[in-house]
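Take a look at the letters that make up each chain.
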Amino acid sequence: MKQHLFTLSLLMLSLVGCTHNNGDIGPYFGSWLIDRWYHANDESQQAHTEDIPTDFMQFQSRTVCIRHAEFADPHTAIAAYGNWQDSDGILTLHIDPEQIRQFDGMVNNSLPYADVYCTDGTTVTTWRVIIDGNRMKLMRTDGKWVLELKRQS
């Protein structure tokens, strides 16, 4: 049943237009590998090891998907969906905390999703954005987290 719902969701998503502003899809569009993540005061933490990509942010239209694939089975993934908006270099993410909580307790989970994507249990986080070609750096406006991403598509 879950597979059918997933397939139906993908079909519905493929029918939704992915452009806005007269065809300008903007700088966020596509799939971004979370290459590094760290507390603003500790740059030693890594999002993945052994060159196995596991954590992604995917942007389409005004929808964002946070996706994690397991190390042991990269074909098995869980995802949380939300909305995003950009205003003068500040990215605002609205993601349901219940969807984020499904990431908690995963065996190979290294990224503390709830802490990164939810602020004190709320659904909104804001990030300063720097995009340079195929690299994007997101810095939480409260100074707590930094994500470095690499464009995949």
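Quick caveat, the model's predicted, so the values are computed rather than measured.

A. Here's a closer look at the overall build of the protein. Counting its secondary structure elements, the protein contains three helices and eight strands. Counted from the first residue to the last, the protein has its helices and strands arranged as α-β-β-β-β-β-α-α-β-β-β. In the protein, buried positions account for 33% of the 153 residues. Nonlocal contacts in the protein, meaning residues at least 24 apart in sequence, comprise 49% of its contacts between residues at least 6 apart. Here the protein has roughly 8700 Å² of accessible surface; of this, 53% comes from carbon and sulfur atoms.

B. View of the packing of aromatic side chains. Per the counting criterion, the structure on display carries four aromatic pairs. With a centroid separation of 5.5 Å and 90 degrees between ring planes, the pair formed by phenylalanine 59 and tryptophan 84 is classed as edge-to-face. Placement of the pair is phenylalanine 59 in strand E2 (residues 55-60) and tryptophan 84 in strand E4 (residues 77-87), with a sequence separation of 25 residues. Look at phenylalanine 59 and you get buried, because its relative accessible area is 3%. Take tryptophan 84: its relative accessible area is 6%, and that puts it in the buried class. These aromatic residues form a ring-pair network of at least three members: Tyr28, Phe59 and Trp84. Here arginine 62 stacks its cationic end above the ring of tryptophan 84, 4.5 Å away from the centre of that ring. Sitting over the face of the ring of tryptophan 127, arginine 140 holds its NZ or CZ atom 5.9 Å from the ring centroid.

C. The arrangement of the confidence of the model for the protein in detail. Chain-level statistics for the protein give a pLDDT mean of 75 and a share of 61% at 70 or above. Mean pLDDT across the elements of the protein bottoms out in helix H1 (residues 2-15) (60) and peaks in strand E7 (residues 135-140) (93).

D. Examining the pairing of E4 more closely. Relative to E4, strand E3 (residues 63-69) is paired through seven bridges, and the arrangement is antiparallel. The residue of E4 that forms the bridge with isoleucine 66 is alanine 80. Inspection of the sheet shows E4 paired to strand E5 (residues 90-95) by six bridges, in the antiparallel sense. Residue pairing for E5: serine 87 is matched across the bridge by isoleucine 90.

Quick notes on the rules
Residues numbered from 1 in each chain as written. Predicted model: local features only at pLDDT ≥ 70, side-chain atom pairs only at ≥ 80, totals over all residues. Heavy atoms only, no water. Helix = DSSP H or I, 4+ residues; strand = E, 2+ residues; numbered from the N terminus. Buried < 20%, exposed > 50% of the residue type's maximum accessible area, 1.4 Å probe, protein only. Contact = heavy atoms within 4.5 Å. Areas by Shrake-Rupley, 256 points an atom, 1.4 Å probe, with all protein chains shown as cover. Phe/Tyr/Trp six-rings, centres within 6.5 Å; stacked < 30°, edge-to-face > 60°. Lys NZ or Arg CZ within 6 Å of the ring centre and 35° of its normal. pLDDT = per-residue confidence, 0-100. Pairing = 2+ DSSP bridges.

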